Every structure is written in structure tokens, then in C-alpha cells.
Amino acid sequence: MQLDMLVVGAGFAGIYQLYKAREAGMTVRVLEAGEGVGGTWFWNRYPGARCDVESLDYSYSFCRELEEEWEWTERYASQSEILSYINHVVDRFDLRRDIQLNTRVASAHFDEDRALWSVRSEDGEHLEAKFLVMATGQLSVPQKPDLHGLDDFKGQWYHSARWPMEGVDFTGQRVVLIGTGSSGVQMTPIIAAQASQLTVLQRTANFSVPAHNMPFTPESLKAAKARYPERRAMGREAITGVFLNANTKTAAEMTEDERIAELEYRWKGAGGGFRMLRAFADLMSNLQTNHLVAEFARNKIHAVVKDPRKAEILSPKPDLPYGHKRLCGDTHYYETFNRDNVDLVDVKAHPITEITPTGLRTTQGHHELDVIVFATGFDAMTGALLAMDIRGTGGQSLREKWAAGPRTYLGVSIAGFPNLFVIAGPGSPAALSNVVHSIETHVDWISNFIGHSRSKGTRRIEAEQAHEDQWVDHVNEVANQTLYPVGNSWYLGANMPGKPRVFMPYAAGVPAYRRIIEGVAEKNYEGFAQV
Ligand code: NA7
């Protein structure tokens, strides 16, 4: 079958790309590996799974009626509510008929003579399309440590990103949870409330801020919706694509009292979550300012966690800048360590040595267990793309091209891979932003470019190598002016053994990025060969 466009992935990105392609009168199909739509929100069903961007922002903005009719129930939406929303969008715009579920793409090869992408699924189905859009998500391939003995474990084990549909009942169980990123931080209080014993294995202490999640009342939702256009406009001009009431002053421009008041505001009710990252204008560029915020957070942990040993383990070390890893937004995470049935092990100091048939051993001792939960994250940003055998001109494989790290032009296009686009790809600010906003920006831009190409009758549109090289240099240059490229975050691929250490997102922020890609479009898509 030959189509105008094939889209891989039916999460937020693939669904909107389908909508736009349909609107442009193209023949289009979305291929999705899961048995339902939703991408990351389909797979990540672990207890407590919740978005860390507010629901009013973490939603499509392309349709005012959709914004008006959908009733979010909480400030931060749960996984199930987001999945319902996505399904609502799919049905409301009659998109389901062009989404093919249970179809995992194995390969995509560019046929140069015919200027077509030839795509095969793992089941052997073959499809062809002029344009191929990768909407495969940044966090879709789970990372699970290869622990000796797991196959012989007599209990159950689960990964946060492949959670059983029917859920897991931890009542009366002895549980070990490995990993303290967002997934681990969100799960901990919920598992602790059910399990007879929960032991959290932490490798690196992470910064977490109370999310202050709360239900909307009919009045508060109505009031928020009345200001929706203004809210969206503020989000577009915010560095993260979401309004976080950024402080425009640096820490040095404020008095000690003002600094403390600013931090307290962001820690307490009106603040919460990512607002903390906008406490000072120079938080991510000035180490001294950053230390101030980190110290404030460490003091908060010590104030909440009664056992000084646990508090110390939970406190991120001073050499790790605040926000270099994605900040977590929690609900009673630190308080949970005051429970008698919750313990904490520093597995950097006492590494895991093996899984035994009845438990897990660290260099400190053996834990008898019923359940192991891996909240160990993802092969982020490149994992899903490199899982497929993608080949461009001259048979060049993407795996080879990206062997030393991902290279894109503007985070959407790859030299040597014509008519292929990546939504929210490496080299774009998506991972550091409200990703739904970044997705809409990309899909609109890609759709305009494809419309332009179709109206001109060009066969191939493709990033030029020199422009890609310049962009990669620019992304690195910007990253090196920040405190991000420190530590072992998934932004750097450093959570994956053997993955090249490259800072993948574009750190100049959403508005600066949008102005660049709009400028490129205005100059007849500068940096792209169009033949
Ligand atoms: P993250 O944020 O990548 O967190 C994974 C956690 O798992 C992190 O604490 C890791 O420690 C830990 N980890 C990974 N491998 C191991 C091994 N081998 N041993 C012990 N601990 C390990 O993934 P999440 O799913 O929590 O969140 C991903 C994103 O989803 C998040 O940023 C939000 O955007 C939503 P480390 O820090 O690497 O030492």
C-alpha cells in the first residue's frame, strides 16, 4: 500500500500529526506497537503515575472547543485521566480509523529511485509512503538493569513502564523498589501504604518538590478556562513552554530575605513542582545560585525525614546541581520514609550483587522479597528510533550515523534521511519543556513544510549536512553554558550503560527555538535541499 504519509507512534505526537495530515487531504496511517493509543500514557500504568506538568497545559491547544469541553479533575492529571483524554481526542476527530494498533515497525528504508519510504512491521507487513514521521516518543523504551539471578527469582517483578493492565496488589507483600526518578518517587507512597515492607534502593538522590496536586472545583476550573488563551500565550513565551511564574531576577539581585521568600513560595501551596526551577533567572547557569537552591531543598528533606540516616541518603550530594536531572514533583514522598515499614538503601555505597530465588542481595545484606519493582527509566530520546533499522540515502543506517550520539538539524530532520521527520527529537527543546506544547510546535512546522513541498511539487526535502553540523555545534555550545551536562541524567544518555554521553536536548528554551525554526521557514526552509 502506498500512502502520502506514515506516522510511527500513536501518542500525543502521532495523533496530532494524523489530524494535521488528514486536514491537508493526505492519505495517512499511524502504526502503533501498543494495543491502544496513548504512547507513554498507555504503557506507564504504575501506581501513582501522574503528569508533572499541569493538566491545563499538558493538553492540546489546537482546538478551542476541545479545551472548553474537556473537564480535567485535578491540577496534575493521573495516567488514567490523560489516557481517557487521548482516547476522547481520537474519537472526537474520528482518527481511530487511520490508526493501526499492535504493529511494531521493524525497518524503514528509503528507496531513492522512487523517493519513497519502504516500511516493514515485525509481522512482515509492508507499506510505502512519501513522508515518514517518527512520533516514537522520548521515553518509550524501558531500561532495566541486567541483574544476575533475576530469571530464578520465585517472586514477581515489574517495570514501571510495562505495568500489567490489571494492576498489582501489594497488600501484605515484601517489596523492593529500584530507582528514584519520577516513577519511583510517585510509586513509593502508594506501594508503602499497601505493602508489609517496602525497601527503596536508591543509586543517586534526586531533587523532588511537593507537587501540591489538588482537585479542581467547578468554580476553579471555570475560572482557569476563562483565562485559557492568556495562559497558552504565556506558555508559548516561557522557556519551558509552560507558565511557571519565572522570576526575572538573579539571586544576586535579591536580598537574603527575598531569596528565602521566593524559595518558600515555590515550595509551598501556590508553587509546587517545576515552579522551583524558575526561582532565579540564573538558577541553571550560575553554580552559586544553584547551590543556594540545592541547600534549601536539602534542608527541607532533613526537616521532613525524621531518621537522620535516611535524610542524609535522600539528600542529593553537593556536586550535583539542582535541576541537572529532571526534577520530580511528589505527593508525600519524603514523609513516606517516616513510616515503620519503609526502609532505604544507598546502592551506590552498597551495590546490588545478585537476585536470589527468594530476594535480592546487596553488599550490605540479603532482602527476603515477594516483589521487585524496577523504576529504572528509559533509553531516552534515541532508544525507540534506534530500535528500528532505519536506512537513508546510500543505504546509510541511522544506527551507524548516530553511533557517537544523535545528530539532527533543528531536532526534526536528519541529513541523509530525506522526507523523514522526527517529532520532539534530540536537538530540540522538547525534553526540557511541556512536551505537548513542543509536539504541537513541531507538528505544525513539519505540516507547513510538507504543504510547501507538495505545492512546489518537490520529490525530496532533506537537511543539508553543513546545516546539521552547525546545529549540533550550536546545541552543544548552548548546553555548555548551562549546568545540565553534569551528573548522569537521561538527557545525557548517561543512565544507559554504553550509550555515548551527549547532551541531547536544545537548552535555549522554547521561544528562542520557535523563533529559529520560524526564521528557517521564512527563508524558504533554509538549510534544506528541496529537489
Ligand atoms: P529516571 O528518571 O531515568 O529514573 C530512573 C531511576 O532508576 C534513577 O533513580 C536511576 O538511578 C535508577 N537506576 C537506573 N538503573 C539502575 C541500576 N542499575 N541500579 C540502581 N538504580 C538504577 O526514570 P523515571 O521512569 O523515573 O522517569 C523518567 C521520566 O518520566 C522523568 O524524567 C519524567 O519526565 C517522567 P541514577 O539516577 O541513574 O543513579
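The structure presented is a predicted model; accordingly, all values stated were derived computationally and were not measured.

1. A word on the site of the ligand
Around the ligand, a shell composed of 19 residues is seen, among which S183, R203, T204, K325 and R326 lie nearest. Side-chain polar atom of Q143 to a nitrogen atom of the ligand: 3.4 Å apart, as the coordinates give it. Between the ligand and K325, the relevant distance is 2.3 Å, taken from an oxygen atom to a side-chain nitrogen or oxygen of the residue. Considered class by class, the residues forming the shell around the ligand number 6 nonpolar, 9 polar and 4 charged.

2. What to know about the pattern of salt bridges
Per the stated rule, a full pass over the model turns up 38 salt bridges. Between E54 and R275 there is a salt bridge, and its shortest N-O distance comes to 3.0 Å. Here E54 is found in the loop between α2 (40-43) and α3 (64-69), whereas its partner R275 is found in the loop between α8 (256-267) and α9 (287-304), with 221 residues between them in sequence. One exposure class covers both E54 and R275, and it is buried. When the shortest N-O distance is used, the salt bridge between R92 and E69 registers 2.4 Å. Taken together, the residues R92 in helix α4 (residues 79-92) and E69 in helix α3 connect sequence positions 23 residues apart. On the basis of relative accessibility, which here comes to 34%, the residue E69 falls in the partly exposed class.

3. Topic: the packing of helix α14 (residues 435-456) against helix α16 (residues 510-522)
Between α14 and α16, the least distance of the axes is 11 Å, while the angle of their chain directions is 5 degrees. Here α14 lies roughly parallel to α16, going by the angle between them. Note on element contacts: α16 touches α14 through V510, Y513, R514, I517, E518, V520 and A521, opposite H437, S438, T441, H442 and W445. Considered class by class, the residues forming the contact of α14 with α16 number 6 nonpolar, 4 polar and 2 charged.

4. Some points on the state of the cysteines
Taken as a whole and assessed by the stated rule, the structure comprises 0 disulfides. This cysteine, C328, is not joined by any disulfide, and C51 carries the nearest cysteine sulfur, 13 Å off.

5. As for the packing of aromatic side chains
The tally for this structure, following the rule as stated, stands at 38 aromatic pairs. Ring geometry for F42 versus W43: centroids 5.2 Å apart, planes at 90 degrees, classification edge-to-face. Overall, F42 belongs to the buried group, its relative accessible area being 6%. According to the relative accessible area criterion, W43 is partly exposed, its value standing at 22%. An aromatic cluster is defined as three or more aromatic residues linked by ring pairs; in this entry it consists of F12, Y16, Y19, W41, Y58, Y60, F62, W70, W72, Y85 and F93. The ring centre of W157 lies 4.8 Å from the NZ or CZ of K144, which sits over that ring.

6. Details of the sheet that holds strand β15 (residues 365-368)
Reading across the sheet, the 3 strands line up as β13-β14-β15 and stay open at both edges, with antiparallel pairing between neighbours. Across the chains shown, the open sheet's two edge strands, defined by having one partner strand only, are β13 (352-356) and β15. Sheet twist, expressed as the average angle between the axes of neighbouring strands with direction ignored, equals 20 degrees. Bridging between strand β14 (residues 359-362) and β15 involves 4 bridges; their strand directions are antiparallel. Its bridge partner lying in β15, R361 is registered against H366.

7. A short note on the side chain of T289
In this fold, T289 is placed in helix α9. Exposure remark for T289: the relative accessible area of 5% places this residue in the buried category. A distance of 2.9 Å separates the side chain of T289 from the side chain of D282, its partner in a polar contact. Setting aside residues up to four positions removed in sequence, T289 forms contacts with A251, F280, D282 and L283.

8. What to know about the sheet that holds strand β8 (residues 174-178)
Consider a sheet: its strands pair through backbone hydrogen bonds, and that pairing is either parallel or antiparallel. Spatially, the 5 strands line up as an open sheet ordered β7-β16-β8-β9-β12, and their pairing is parallel. Looking along the sheet, the strands with just one partner apiece sit at the ends: β7 (156-159) and β12 (342-346). Neighbouring strand axes in the sheet, compared pairwise and without regard to direction, differ in orientation by 20 degrees on average. When strand β9 (residues 197-202) meets β12, the two strands line up parallel, connected through 5 bridges.

9. With respect to the pairing of β9
By the criterion of burial, β9 is predominantly enclosed, with 5 of the 6 residues buried. With 5 bridges connecting them, β8 and β9 associate as parallel partners. Each residue of the ladder has a partner; that of L177, found in β9, is V200. Read from β8 through helix α5 (residues 182-194) to β9, the crossover connection turns out right-handed.

10. Quick look at helix α15 (residues 465-480)
The terminal C-alpha atoms of α15, which comprises 16 residues, lie 23 Å apart, in line with the 22 Å expected from a rise of 1.5 Å per residue. Inspection of α15 places E468, W471, V472, V475, V478 and A479 among the buried residues, and these make up the whole buried set. Buried positions in α15, seen along its axis, are confined to an arc of 130 degrees and lie on one side of it. Exposed positions of α15 whose direction lies more than 90 degrees from the buried face are Q470 and N480. In the core, the buried residues of α15 are packed alongside α13 (398-401) and α16.

11. Concerning unusual backbone geometry
The phi dihedral of A115 falls on the positive side, at around 50 degrees, and the residue is not glycine. Relative to the helices and strands, A115 is located in the loop between β4 (105-111) and β5 (116-121).

What counts as what
- Residues numbered from 1 in each chain as written.
- Predicted model: local features only at pLDDT ≥ 70, side-chain atom pairs only at ≥ 80, totals over all residues.
- Heavy atoms only, no water.
- Near = heavy atom within 4 Å.
- Polar contact = N/O pair within 3.5 Å; in protein donor to acceptor, adjacent residues only side chain to side chain.
- Nonpolar A, V, L, I, M, F, W, Y, C, P; charged D, E, K, R; others polar.
- Salt bridge = Lys/Arg side-chain N within 4 Å of Asp/Glu carboxyl O.
- Helix = DSSP H or I, 4+ residues; strand = E, 2+ residues; numbered from the N terminus.
- Buried < 20%, exposed > 50% of the residue type's maximum accessible area, 1.4 Å probe, protein only.
- Axes fitted to C-alpha atoms, helices over the stretch in contact; angles between N-to-C directions.
- Parallel < 35°, antiparallel > 145°, perpendicular 65-115°, else oblique.
- Contact = heavy atoms within 4.5 Å.
- Disulfide = S-S within 2.5 Å.
- Phe/Tyr/Trp six-rings, centres within 6.5 Å; stacked < 30°, edge-to-face > 60°.
- Lys NZ or Arg CZ within 6 Å of the ring centre and 35° of its normal.
- Pairing = 2+ DSSP bridges.
- Right-handed = clockwise from strand over helix to strand, strands pointing away.
- Expected span 1.5 Å × (residues − 1).
- Arc of directions from axis to C-beta.

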